[in-house]
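# Coordinate analysis (summary)
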Amino acid sequence: MMHVFLSILNVLRDTALWLLVILVLAGALPLVAASYQFLLVAVHFRRNHYGSCQPYFPRTAVLIPAWNEAAVIGASIDRLVMLDYPPDALRVYVVDDASTDDTPNVIKAKAAEYPGQVFHLRREKGGQGKAHTLNHGLAVILSGDWMQALLIMDADVIYTPSSLRLMTRHLADPRVGAVTAYIKEGSRPGNYLTRYIGFEYITAQAAARRCQNVLGAVACLAGGAQLHSRANLEAVGGRIDTSSLAEDTFTTFKTQLAGNRVVFEPHAVVWAEEPDTIVGLWKQRLRWARGNVQVTKQFKHVWCRPSRVHRLGSVSFSLFWFCLFLLPVFMICASVSLVILYFGDFAMAWVMFHVLWITSALTYVFITGFTFMIDWETARHAVAEGILFPGLISFGIIIASCFPGLYRMIFRDVLPVFGVTLTPFERTSLVLFAFVWLAASMLVAYLGKAVEKRRLGWLFSRVFVYIAGYGSLLGACTFAAYVKELRGAEMTWDKTEKSGKVAMPT
């Protein structure tokens, strides 16, 4: 009997160890998925929509929600009316969401300057969120039959002259319901955080959305650049969803579920001002992350269920979505599993630690190099942030994993020369720190937000982000979104403040 009992214990122990190994490997899954995504980008020259494009200039209404946008709305309107697009086929509708600054006067002045082309729509009761503001404008625009296509944008973004016509050419294909553009971070001179965002947008838009074009399933129409055909708007109900903080993603999914295609146009460039503080970025990304939680629940019937109507249910698209959506979970599980393995089977823990971080190294080199090649003009402004995207400590762990002999030489040969010798306890602490860092990096990144408004916070917040990595900061924000949704926290629209710093390169 004792023999049987011991055999069962051994089986359970081995099963537990292998389960821990799987959880560590799961920590590398988002990295593998990211590499797979970038590999698909290379196929975009063959699998794209350009073969079905032709010059097409539908009567386009531009819909802009505006709340206290006096600093930026005038320049945005000027840029719109100067687009390389037939003037008689372009109208601009600005929905003034009960602004309390000079926004109404700026819009009225532009309406007088461009009669019959710029229109001021006023909401006396505002503050309900972007979706409600857009629906106010939609009701007015759809009540007539002039509009054939609708461009939804943000008040601060600046469209390059050819951007709209590059987008509308896709609507020549009746199978296409919506088109989105490539939004670039355009704050000049900007700071370390806007440079991180600029580099991020190359991977999240220029690369990821090209991959989604290849798959035939686009995750999100950028809120500042979403072009819809009238038929598509009517197919999705003629209104923007107001039940979620991710109204643009809801519209994107509904468009494709209705059988219409969504296309990303990488050559239609739009410049936008993004947050230059961690607190501002946190508000923006917490809203986006909570919206993604809501999308994941609302469309749970879509995931991993291939359909002839749409491609949202493809395994590849579901893999990309959940690797990003569950990134904090993967990071925490990998760290916890490594620590448990350390006390259960150190040899296995050491092997898995190297597998995880060598995978990180290969992914880091591949994606960083690819990102610089995709959009060097943007990336060159953020070379340091691109290289340090994973954070200084993660960068050090990557080097240690790939070149263990270098670190052995430092600790065994170099440091003792200076009288520094690590005790067994210090060595153990150093190893455990490396094992737990993947999860701990999110906490360190969060400290950047926590100290930003304190004395010398401008300095220490930057230090924390450079140490922990920008990706860990986004992971911490996503984890906070889980907590907010589980607690049923009230959905509030925290508007990103804009100051008109965006500057389109000449």
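For the structure itself, consult the block above.
These lines cover the structure that appears in this document, whether it is placed above or below. Owing to the predicted nature of the structure, the values given are computational and were not obtained by experimental measurement.

With that settled, consider the overall build of the protein chain. The number of helices and strands found in the protein chain is 19 helices and 8 strands. Over its C-alpha trace the protein chain gives a radius of gyration of 25 Å, about what one expects of a compact globule, namely 23 Å for 506 residues. A principal-axis box enclosing the C-alpha atoms of the protein chain has dimensions of 85 × 55 × 45 Å. Counting all 506 residues of the protein chain, 53% fall into the buried class. Taken as a whole, the protein chain presents about 22900 Å² of accessible surface, with 64% of it coming from carbon and sulfur.

What follows is about the pairing of strand E3 (residues 118-123). With 6 bridges joining them, strand E2 (residues 90-97) and E3 adopt parallel strand pairing. Looking at E3, one finds that Tyr93 is bridged to Phe119. Tracing the backbone out of E2, into helix H3 (residues 103-113) and back to the parallel element E3 gives a crossover that is right-handed.

Once that is clear, we can look at the pairing of strand E1 (residues 60-66). Most of E1 is tucked away: 7 of the 7 residues are buried. The two faces of E1 match: Thr60, Val62, Ile64 and Ala66 on one face and Ala61, Leu63 and Pro65 on the other face are all buried. In terms of strand pairing, E1 meets E2 through 7 bridges, oriented parallel. Bridged to Thr60 within E2 is Leu90. Following the chain from E1 across helix H2 (residues 73-81) to the adjacent parallel E2, one finds a crossover that is right-handed.

Let's shift gears to the nonpolar core. By size, the foremost hydrophobic cluster in this structure holds 86 residues, and its most contacted members are Ile64 and Tyr159. Here the element with the most residues in this core is helix H17 (residues 424-451); it accounts for 8 residues. If we skip the residues at most four places from it in the chain, Ile64 touches Ile73, Leu80, Val92, Tyr93, Val94, Val95, Met153, Asp154 and Ala155. Val41, Leu215, Ala246 and Phe325 belong to the second-largest nonpolar core, a separate cluster that totals 27 residues.

Below, the discussion takes up helix H15 (residues 392-402). Buried residues of H15: Ser394, Gly396, Ile397, Ile398 and Ser401, and no others. Tucked into the core, H15 has its buried residues touching helix H12 (346-374), helix H16 (404-417) and H17.

When their charged atoms lie close together, side chains carrying opposite charge are able to pair. Applying the stated rule across the entire model yields 17 salt bridges. Salt-bridge contacts for Arg122 lead to Asp96; the nearest nitrogen and oxygen are separated by 2.5 Å. Taken together, the residues span a long stretch of sequence, with Arg122 in strand E3 and Asp96 in strand E2 at a distance of 26 residues. Taking the shortest distance from any N to any O, the salt bridge between Asp241 and Lys254 comes out at 3.7 Å. Here Asp241 is found in the loop between helix H7 (230-235) and helix H8 (247-257), whereas its partner Lys254 is found in helix H8, with 13 residues between them in sequence. Among the residues examined, Asp241 registers a relative accessible area of 15% and is labelled buried.

It is worth spelling out unusual backbone geometry at this point. Located in the positive-phi region is Asn68, a residue other than glycine, with phi close to 50°. By secondary structure assignment, the location of Asn68 is in the loop between E1 and H2. Despite not being glycine, Ala98 has its phi angle at roughly 55°, a positive value. On the accessibility criterion, Ala98 (14% relative accessible area) is buried.

Attention now moves to the sheet that holds strand E7 (residues 226-229). With respect to topology, 8 strands assemble into an open sheet ordered E3-E2-E1-E4-E7-E6-E8-E5, the strand pairing being mixed. Single-partner strands in this sheet number two, and they are E3 and strand E5 (158-159). Contacting strand E6 (176-185) and strand E8 (261-272), helix H6 (residues 192-215) crosses the sheet at an angle of about 155° to E6.

Attention shifts here to a nonpolar patch on the surface. Residues Phe403, Leu406, Met409, Val414, Val417, Phe418 and Val420 make up a contiguous nonpolar surface patch of roughly 680 Å² in combined accessible area. Tracing the sequence through the fold places Val417 in helix H16. Overall, the relative accessible area of 64% leaves Val417 in the exposed class.

Here Leu319 is to be found in helix H10 (residues 315-325). Since its relative accessible area comes to 29%, Leu319 is described here as partly exposed. Linking Leu319 and Phe418, residues 99 residues apart in sequence, is a C-alpha distance of 50 Å. Contact partners of Leu319, with chain neighbours within four places excluded, come to Leu29, Ala33 and Tyr36.

Geometry of a packed helix pair, given as the angle between the helix axes and the separation of the axes. Contact geometry of H12 with H15 gives a least axis separation of 9 Å together with a crossing angle of 110°. As far as their axial angle goes, H15 and H12 are roughly perpendicular. Crossing geometry of H12 relative to H15 is assigned as left-handed. Contacts between H12 and H15 involve Phe353, His354, Trp357, Ile358, Ser360, Ala361 and Tyr364 from the former and Ser394, Phe395, Ile397, Ile398, Ser401 and Cys402 from the latter. Along the lines of polarity and charge, the residues of the contact of H12 with H15 split into 9 nonpolar, 4 polar and no charged.

Procedures and definitions
- Residues numbered from 1 in each chain as written.
- Predicted model: local features only at pLDDT ≥ 70, side-chain atom pairs only at ≥ 80, totals over all residues.
- Heavy atoms only, no water.
- Helix = DSSP H or I, 4+ residues; strand = E, 2+ residues; numbered from the N terminus.
- Rg over C-alpha atoms; globule rule 2.2 N^0.38 Å.
- Buried < 20%, exposed > 50% of the residue type's maximum accessible area, 1.4 Å probe, protein only.
- Areas by Shrake-Rupley, 256 points an atom, 1.4 Å probe, with all protein chains shown as cover.
- Pairing = 2+ DSSP bridges.
- Right-handed = clockwise from strand over helix to strand, strands pointing away.
- Core = buried A, V, L, I, M, F, W, Y, C linked by side-chain atoms within 4.5 Å.
- Contact = heavy atoms within 4.5 Å.
- Salt bridge = Lys/Arg side-chain N within 4 Å of Asp/Glu carboxyl O.
- Axes fitted to C-alpha atoms, helices over the stretch in contact; angles between N-to-C directions.
- Patch = residues over 30% accessible without salt bridge, like charges linked within 9 Å, V, L, I, M, F, W, Y side chains within 5 Å.
- Parallel < 35°, antiparallel > 145°, perpendicular 65-115°, else oblique.
- Left-handed = near helix turned anticlockwise from the far one by under 90°.
- Nonpolar A, V, L, I, M, F, W, Y, C, P; charged D, E, K, R; others polar.

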